[in-house]
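# Residue-level structure breakdown
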Amino acid sequence: MLWLFRFLLVSPVICMDPMIQDLVTPLRYMGEACGYESCPLTKPDTLNVHIVPHTHAELGYTKTFHQHYTGHDDYFDQSQINMKRILDYTITELWSKERRKFTLSDTPYFFHWWSQRDDTVRRMVYELLRQGRLYFVGGGWSMSDEATTSYHAIIDHFTYTLRKINKTFLNCGRPLVTWQADAFGHSREFASLMAQMGFDGHFVNPISYDDELARMRRNALEFVWRGSDDLGVESDIYTHKLFDGYWSPPGFCFGSTCHDPLIVTSDSVFKNVDERVNAFFKSALHRQAPYYTTNNIMVVMGQRLGYFDASVWFNNIDKLIDHVNNATVNGTRLNVFYSTPACYMKAVHDAYPQLSTKQDDFLPYAYDSATYTTGFYTSRPNIKYMAREGHLYLQMAKQLQVTAQLGNNDQFFEQYNWINGVFQDHNIISGAMRQHVKDYYTEKMYIGTQQAISVIRQAFNKLRDSPKETVYYRCSFNISCCLSTHGEHFFVVIYNPLAWPVTVPVRLPTYRSDYVVYRPDGQKIRCALIPIPEPVCQIPYRKSRGRYELVFIADDVPPMGYRSYYIRDRKLGWIRNKRSIIKKINRNNKKYYVRQTNSFNYDDNEPMNAFEHVSELNNDNDYEYFDESKVNDTKDESNNETDSIVPKIGLNDVNDSNRLTTVASANSEAVSEGINDINKVVNFDSKINTANIKTNDKMSVTTDNTIINVTMNKERTVTNTSVDEFITTNMNKEDNITTSRDEYKVNKEKANKKFEATTKPDEEFEDPKEEIWRGSQYVEVTDHFIRNRFIKVNINDKGKIKLVELINGINISLNIEFLFYASDDPDKMGTTNKRPGAYVFRAMDPKPEVISDYYDMRAYKNGLLQELHAQFADYASFALRLYRRTPYIELEWLIGPIPCKDNIGKDVFIRYSTDLDNKGVFYTDSNGRQTLKRIRNSRASFELGNQDPVAGNFYPVTSKIYIEDLKRNIRFSVFNDRAQGGSSLSDGQIDLMLNRQLFTDDAGIQAFVNETENGRGLIVRGKHYLYITKANNNRIFEKKFSKEIELKPTVFVSKKSVYGINTKRMWYKQNNEFSAIKTKLPLGVHILTLEKWNGGTILLRLENYLEKSDVRNGVKEVLLKNLFEVIKILGVNETTLGGNVWLKDWVPLQWDKKEKFVKNFNEAYGAQDISFSEDEDLKPMDNVNLDKPIILSPQQIRTFVLTYEYIKEAV
């Protein structure tokens, strides 16, 4: 009765047509039942064998979705092995005999098939579901990879699928258990999420061979898995290791493509039924049953793409069931029947077993001692980044659909959820697929993302009250390319999907020299140019003239909102071609008028009156483009900008004894007061440090995609005054200008060049407001360091990074290198090992090769950041950056094309080497959420055998990896922008795999990880963020920062064309700042989901992303009532994490356990003294009251369905 009571109370969160609702509701007076009520009876004193017919489809691998579904491809005739035929034939066979059951996990194929079926077939399916004969498992849109996916993306695609099932089939379609039958490794966070979604059981396969053997020895192939120490019992889930995965036991695969014998009963010559029955008894009693805890075992009957010949399968299973049940072997009988995974789990629960416990994960996965599937953590890095980007754009579109009150975009969201869900599949995001399959899905993701931008455009134009024709572009910032930023003026809109303000550096590729950036209030903010690293400029398919990036800091972009910035060329607005104007300069409280000639050439397509020129010279109010008092105001950095193409000395700071050096062309007039000699060096008093800039009789000054070679003394001293500025007049492009950046190209012969230190070793960190070089341009320097307010990165005499110092006194040595492992090739090496491939990583030699073809380091500084450009080979380089006020180091790496002329595969990685002593311990995230402790050459649940010392120590890093020196109280963390394999193979080191180029295939399906683009090897560019802190501090910042990387504020660029000649004036009138958040959320609280839901409701998820170890009291309170600006919440109901079951109706199963859980796995792993947690009950759930705050414990996610009304129309 418990099961009946429990099932009836679970009501779905959906609205449905009453007629359809009748068709999917069991007719109890006719004996119909689904779910647990439909389970067959078991026998207490007999081994009960649950036969589970099942097919396993792939979304990727060798074929695309369309090819798998139809059987068509480009090379062969239509194959009979296709999902359409499988579903057609399976439904027909189920319909023919009432006792048959079938378990289905491939929901994308099913719903595609369902959309093309008529009412007759649909009524057949309704009846099969009502009677529990067709059963869904899994609940995700794909069989999700568990190692490289983000927890947020997992939640999203499960929510999409469960909603779709609910909408179509109500309770009888609801999956009660998960089905991870082909994921190469299983994560702890995934188990936690499944428990929170209301799944009663978690069915997994495979696990490492040594782990499985250890579990078989102690009867632990089914156990209770605690997914989160912080959530405790709420994250506990029954877990079953599938004995043969999704395959039939050996000897009992009945499909036409199998090689096992069919069961013959009628022919006296070939009759084999008795032999087959004896073999099945032996398999069930001796091969499988001894390793499980009750008198129930589950036998899957299936294969990959099985049941296209469903009649053969079902006829043989019928025979097997009938003859086994009628047989007695050695005095033993079996009870064999059709069943489902949920019915098997119910039978186990009814037997009241004591189960073992688990708190770690099943990563990494090993086939054998020499074969670890740790390669797919990194394989096809661009696919992994595209998955991250697609998820980001999906969140932005969902949020703006609600907050901007957009019209119906259901079709778009259906398609975009489809492809985002597919991308989480274990064969897609892992990269284990043929090239044409990858191309198929990347094209769909690209199209979906472009459609998302269309939705975002609708929202921006509505919220900004801008013309509907205004277009917003998603630029190729990953290759520093954006044609929209090459104009004289444009504007950007930066959208922040997080629920708190985020400050973000903005980098806009350009070939122009000097810009002004305006905030929405019309105030100018500091901006500066920096050169794009030369290896990026040399990317073959990068079609851009841009050699520089315009950098500015977008401070506190509003939460769940946007801010727009207007950018214009500084010359635009006060320069007239071939005419003279009078420039008013306010200096020393006196007005000077200087006649200046300009040779700026207009864009031929730009009308003359497009510029915001001065209407009347004597009208001071109109002359807003050059206010020297604002330019040279050192107290207000937001207004500190310069007016030239090189660093300048402000006129206010030049006294009568100073002389200003100005360079002019033959067609220019040097008429500024104070010019003495064109070739003399500026010499003036300074209270601040000097920087030596060495030149070879010439200095290269950048301007409009050119190099101006200026004759100088052999060495000049540039002094950082309160405002460091030089003044130069404009030059004709014909005069003494080269149109290339040869001065900045990598010179291999200059490797190991020396840098000259100019700062005392014991000097305190500078205040960036006073001492970092200011001005809108950059200089290349020979200093031995770069630094900002918090961090100083020191460089040795060879130009390599050697030491990092923090303002709080922490310092660590740091060396950054690129290396590669030569990939093993068993055929060449004469071994029988499994070949490396998309999944498998194995090094030919455990000692990696250092990439050091040559070395070139360049250091650049400007008013906003300082950065190093380091190149180790034509295919390996990085740019290391320190922005003025960021407490972390940004490192942007570039790898490729990986050289492959030797036909040896290479696994390229970056190594961060420090002097920290982490004693073999390091930490990685689990799906971007909780943190797990790792110990080199160790596992928490079993003793390792003879493992691969390299591949066996790599773990998936979705968001962060770190090491700690507890004696020195220092933690060193590396955050990444996509999933990668990571490890700490030696103390003080962190390795992160970047890209793989292989010529072997571990699956034998020609799915080589040998990617090319435009006939060349793949080039990949990504970011790492290095953060150093005290080991007992700043964990909250790290959690928050991780979210800001995953759901980063996104820059959209719009051209001026819609506004015509009045771009700035029209832009200024728009609503250039918006936030959907009304009430500030507590630190640690994240709005995970905001999207339209069923029947005019909204789905809202709130997450406390902190862990208990991060803070003493991590409990947070949030009042929902006044959370949003334009939304008034009228009512609220809470659901499970999947949004498909009301929380008040959900009663998770309770299991008896052999041993207690430890209080904290990370503390217990590797420790001598272990603390155990006491048994606990589920916390009572109270109804949500809008007048009272809701409580969020650490790691808790709460999901709500809101009824609402808009307070006001979105502008």
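On a predicted model such as this, the values are computed, not experimentally measured, just so you know.

### Some details on the pairing of strand 18 (residues 548-557)
- Burial within strand 18 is extensive, with 7 of its 10 residues counted as buried.
- Sheet topology places strand 14 (residues 502-510) next to strand 18; 8 bridges connect them, and they run antiparallel. Among the inter-strand pairings, Val 502 is bridged to a residue of strand 18, identified as Val 557.
- Sheet topology places strand 17 (residues 527-531) next to strand 18; 5 bridges connect them, and they run antiparallel. From the neighbouring strand, Pro 531 faces strand 18, where its bridge partner is Tyr 548.

### Observations regarding the sheet that holds strand 42 (residues 970-976)
- An order of 27-33-34-35-36-47-42-41-38-39 is seen for the 10 strands of this open sheet, with the pairing classed as antiparallel. Here the strands that pair on one side only, and so sit at the sheet edges, are strand 27 (779-781) and strand 39 (930-935). Mean inter-strand twist for the sheet, computed between neighbouring axes without regard to direction, equals 25°.
- Pairing between strand 34 (residues 865-873) and strand 35 (residues 876-883): 8 bridges, direction antiparallel. What sits directly across from Glu 867, in strand 35, is Arg 881.
- In the packing of helix 19 (residues 1035-1046) onto the sheet, the strands contacted are strand 39, strand 41 (960-965), strand 42 and strand 47 (1020-1030), and the crossing angle to strand 42 comes to about 10°.

### Side note on the packing of aromatic side chains
- Applying the stated rule across the entire model yields 74 aromatic pairs.
- Seen from their ring centres, Phe 254 and Trp 313 are 6.0 Å apart, and the 70° between their planes marks the pair as edge-to-face. Taken together, the positions of Phe 254 in the loop between strand 7 (236-241) and helix 10 (273-288) and Trp 313 in helix 11 (residues 310-325) put the pair 59 residues apart, joining distant regions of the chain.
- The exposure class of Trp 313 is buried, given its relative accessible area of 0%.
- Judged by centre distance (6.1 Å) and plane angle (85°), the ring pair of Tyr 393 and Phe 1052 falls under edge-to-face. Of the two residues, Tyr 393 sits in helix 13 (residues 381-403) while Phe 1052 sits in strand 48 (residues 1050-1054), which places them 659 residues apart along the sequence.

### Topic: the pattern of salt bridges
- Taken as a whole and judged by the stated rule, the model has 63 salt bridges.
- Measuring nitrogen to oxygen at the nearest pair gives 3.4 Å for the salt bridge that ties Glu 534 to Arg 547. Highlighted residues: Glu 534 in helix 16 (residues 534-537) and Arg 547 in the loop between helix 16 and strand 18, separated in sequence by 13 residues.
- When its relative accessible area of 8% is taken as the criterion, Glu 534 is described as buried.

### Digging into helix 8 (residues 188-196)
- In terms of burial, helix 8 is largely enclosed, as 9 of its 9 residues are buried.
- Buried within helix 8 we find Arg 188, Glu 189, Phe 190, Ala 191, Ser 192, Leu 193, Met 194, Ala 195 and Gln 196.
- The backbone nitrogen of Phe 190 lies 3.1 Å from a side-chain oxygen of the residue at the head of helix 8, namely Ser 187.
- Count one or two residues on from helix 8 and you reach Gly 198, which has phi positive near 95°.

### Focus: the confidence of the model for the protein
- Put simply, the protein has an average pLDDT of 84, and 81% of its residues get 70 or more.
- Predicted confidence for residues 1-10 stays below pLDDT 50, and this span has 22 contacts to residues more than four positions away or in other chains.
- Every residue in residues 767-773 is under pLDDT 50, and counting partners more than four places away or in other chains gives 33 contacts.

### Quick word on the nonpolar core
- Grouped together as the largest cluster of nonpolar side chains are 138 residues, with contacts concentrated most on Met 301 and Ile 1087.
- Sorting elements by how many residues they give to this core places helix 15 (residues 435-464) first, with 10 residues.
- The contact partners of Ile 1087, leaving out residues within four places of it in the chain, are Ala 499, Met 560, Ile 1077, Leu 1081, Leu 1100, Arg 1101, Leu 1102, Leu 1123 and Phe 1124.
- By size, the runner-up hydrophobic cluster in this structure holds 52 residues, among which are Val 804, Tyr 912, Val 957 and Ile 961.

### Section: the environment of Ser 813
- Structurally, Ser 813 is set in strand 31 (residues 811-822).
- Sequence separation of Ser 813 and Leu 916 is 103 residues, and the distance between their C-alpha atoms is 8.3 Å.
- Residues contacting Ser 813, with those up to four places away along its chain left out, are Lys 802, Leu 803, Ser 913, Thr 914 and Asp 915.
- Separated by 3.1 Å, the side chain of Ser 813 and the backbone nitrogen of Asp 915 make a polar contact.

Cut-offs and rules
Residues numbered from 1 in each chain as written. Predicted model: local features only at pLDDT ≥ 70, side-chain atom pairs only at ≥ 80, totals over all residues. Heavy atoms only, no water. Buried < 20%, exposed > 50% of the residue type's maximum accessible area, 1.4 Å probe, protein only. Helix = DSSP H or I, 4+ residues; strand = E, 2+ residues; numbered from the N terminus. Pairing = 2+ DSSP bridges. Axes fitted to C-alpha atoms, helices over the stretch in contact; angles between N-to-C directions. Contact = heavy atoms within 4.5 Å. Phe/Tyr/Trp six-rings, centres within 6.5 Å; stacked < 30°, edge-to-face > 60°. Salt bridge = Lys/Arg side-chain N within 4 Å of Asp/Glu carboxyl O. Polar contact = N/O pair within 3.5 Å; in protein donor to acceptor, adjacent residues only side chain to side chain. pLDDT = per-residue confidence, 0-100. Core = buried A, V, L, I, M, F, W, Y, C linked by side-chain atoms within 4.5 Å.

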